[in-house]
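Structure assessment
The lines below spell out each chain.
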Amino acid sequence: MVRRVRTAVLPVAGLGTRFLPATKAMPKEMLTVVDKPVIQYAVDEAREAGIEHLVFVTGRNKGVIEDHFDRQFELEATLESRGKLEELEQLRRDLPRAGQTSFTRQQEPLGLGHAVWCARDIVGREPFALLLPDMIFKSEPGVLKQMMDAYEESGGNVIAVEEVDPADVASYGVVARGEGPDSGFSITGMVEKPSPEEAPSNLIISGRYILQPEIFMLLSEQTVGTGGEIQITDSMRHLMDMQPFTGVKYEGRSFDCGSKIGFLTANVVFALDRPDIAETFMDELRALTGEIPITVEE
Ligand code: UTP
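Residue positions are counted from 1 within each chain, in the order its sequence is given. Reporting in this predicted model follows two pLDDT cut-offs: at least 70 for local features of residues, and 80 or more for side-chain atom pairs to be given and counted; totals over whole chains, interfaces and linings ignore these cut-offs and use all residues. To obtain the side-chain values, all non-hydrogen atoms of the structure were used and water was disregarded.

A run of DSSP states H or I qualifies as a helix once it reaches four residues; a run of E qualifies as a strand once it reaches two. Both are numbered from the N-terminal end. A tally of helices and strands in the protein chain yields 11 helices and 13 strands. Referenced to the eigenvectors of the C-alpha coordinate spread, the extents of the protein chain come out at roughly 60 × 50 × 35 Å. For the protein chain, the proportion of its 298 residues judged to be buried stands at 47%. Contacts between residues were defined by any pair of non-hydrogen atoms, one from each residue, lying within 4.5 Å. Pairs at least 24 residues apart make up 77% of the contacts formed inside the protein chain by residues separated by at least 6 positions. Burial classes follow relative accessibility: with a 1.4 Å probe on protein chains only, a residue under 20% of its type's maximum area counts as buried, one over 50% as exposed, and anything between as partly exposed.

Our focus in this paragraph is the packing of helix α3 (residues 73–81) against helix α4 (residues 85–94). Helix packing for two helices is described by the angle between their axes and how far apart those axes are. Look at α3 against α4: their axes get within 8 Å of each other, and the N-to-C directions meet at 150 degrees. Taken together, the axis directions place α3 and α4 in an arrangement best described as roughly antiparallel. When α3 is examined against α4, the residues L75, E76, L79 and E80 are found in contact with a partner set consisting of L85, E87, L88, L91 and R92. Residue polarity follows a fixed list, in which Ala, Val, Leu, Ile, Met, Phe, Trp, Tyr, Cys and Pro are nonpolar, Asp, Glu, Lys and Arg are charged, and the others, Gly among them, are polar. Considering only residue class, the contact of α3 with α4 consists of five nonpolar, no polar and four charged. Comment: axis = line fitted to C-alpha atoms, over the contacting stretch for helices; angle = value between 0 and 180 degrees taken between N-to-C directions. Any angle between 65 and 115 degrees counts as roughly perpendicular, while under 35 counts as roughly parallel, over 145 as roughly antiparallel, and the rest as oblique.

A few words now on the site of the ligand. G16, T17, R18, Q106 and G111 are the nearest of the 18 residues found near the ligand. Q106 places a polar side-chain atom, nitrogen or oxygen, 2.7 Å from a nitrogen atom of the ligand. Accessibility throughout is a Shrake-Rupley quantity obtained with a 1.4 Å probe, and a residue counts as covered only by protein chains that appear here. In isolation the ligand offers 570 Å² of accessible surface; the protein chains occlude 85% of this area. A breakdown of the residues in the shell around the ligand according to their chemical character gives nine nonpolar, five polar and four charged. Residues are classed as near a molecule or strand on a simple rule: at least one heavy atom within 4 Å of it. Throughout this description, a polar contact denotes any pair of N or O atoms lying within 3.5 Å of each other; where both atoms belong to protein, one of them has to be capable of donating a hydrogen while the other can accept it, and for residues adjacent in sequence the pair is counted only when both atoms sit in side chains.

Another aspect to go through is the packing of aromatic side chains. A pair of Phe, Tyr and Trp rings is counted when the ring centres sit within 6.5 Å of each other, with Trp represented by its six-membered ring. The angle between the planes then sorts it: under 30 degrees is stacked, over 60 is edge-to-face, the rest tilted. Applying the stated criterion to the full structure yields seven aromatic pairs. Consider the rings of F56 and F103, whose centres lie 4.9 Å apart with planes at 10 degrees: the pair is stacked. Of this pair, F56 sits in strand β4 (residues 53–58) while F103 sits in strand β5 (residues 101–105), and the two are 47 residues apart along the sequence. When the ring of F128 is compared with that of F216, the centres are 5.0 Å apart and the planes differ by 15 degrees; the resulting orientation is stacked. Linking F128 in strand β6 (residues 128–131) with F216 in helix α8 (residues 214–220), this pair joins segments that are 88 residues apart in sequence.

Written out as structure tokens, the structure is:
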């Protein structure tokens, strides 16, 4: 029997410099894809996978995330008195239950590995899921649920991966693939941001992990790695010497909402999936692509 994964860590302490000036006073995790903040997609995915406790590692300017996952009594009363019951129901569905959230601070954005380490006391000595909320997915079931299914079989540590063009590997953590099917294969190595020549494959780590608590001990010893930040991949590589890692090449499509193109594409794709607006939006898109000559100014 594997130990159940009850807790998820969501690091949201990054600076979001790629979205300045939008992120000057507002966290990038609150940017909306259609009408839902990016962070809500990751929270919904975690809850669908059976997660019972959400640990947010926050930083400066992130108080609004805490407010988003709290009740807004005035708003709820107003919606009720105006008969906006569908909206009210949606707000209630989105909200984790009382006591299911914790917030801790990463006082300085020293890197993802450091952000995860900040959650160590809240997570304790249990396996946990790690979701980078910038990454959202169109998939059925959710990516974390697909990973939980693999975890039931394999235990240990599980990482979601996807294929990219081999020329693009240098922006990502890359894994080496061993035996097993797409739904759960052994990982035999990993490297952060390799050159295409050094890369062991074109399978990149795509922002979802199930990790054993021993990672915290390794993170606490870790020094700065690639890009001057404390990287999670370095500690995972050490953990590989002690515990198995399983890769899940998930079914679905990812959108990196930490980049402008990923964020804009996500808005288009998720809008076209919404019965209330899809048709009208598609008409607008058709008109736009037909009417506007696409030119790029030098
Ligand atoms: P990114 O590197 O994509 O986020 O980190 P960033 O630094 O906010 O973005 P840019 O490059 O400046 O635009 C991936 C995830 O890890 C979190 C981020 O909030 C994001 O969810 N993170 C990163 C932290 O919580 N702390 C850190 O020190 C670094």
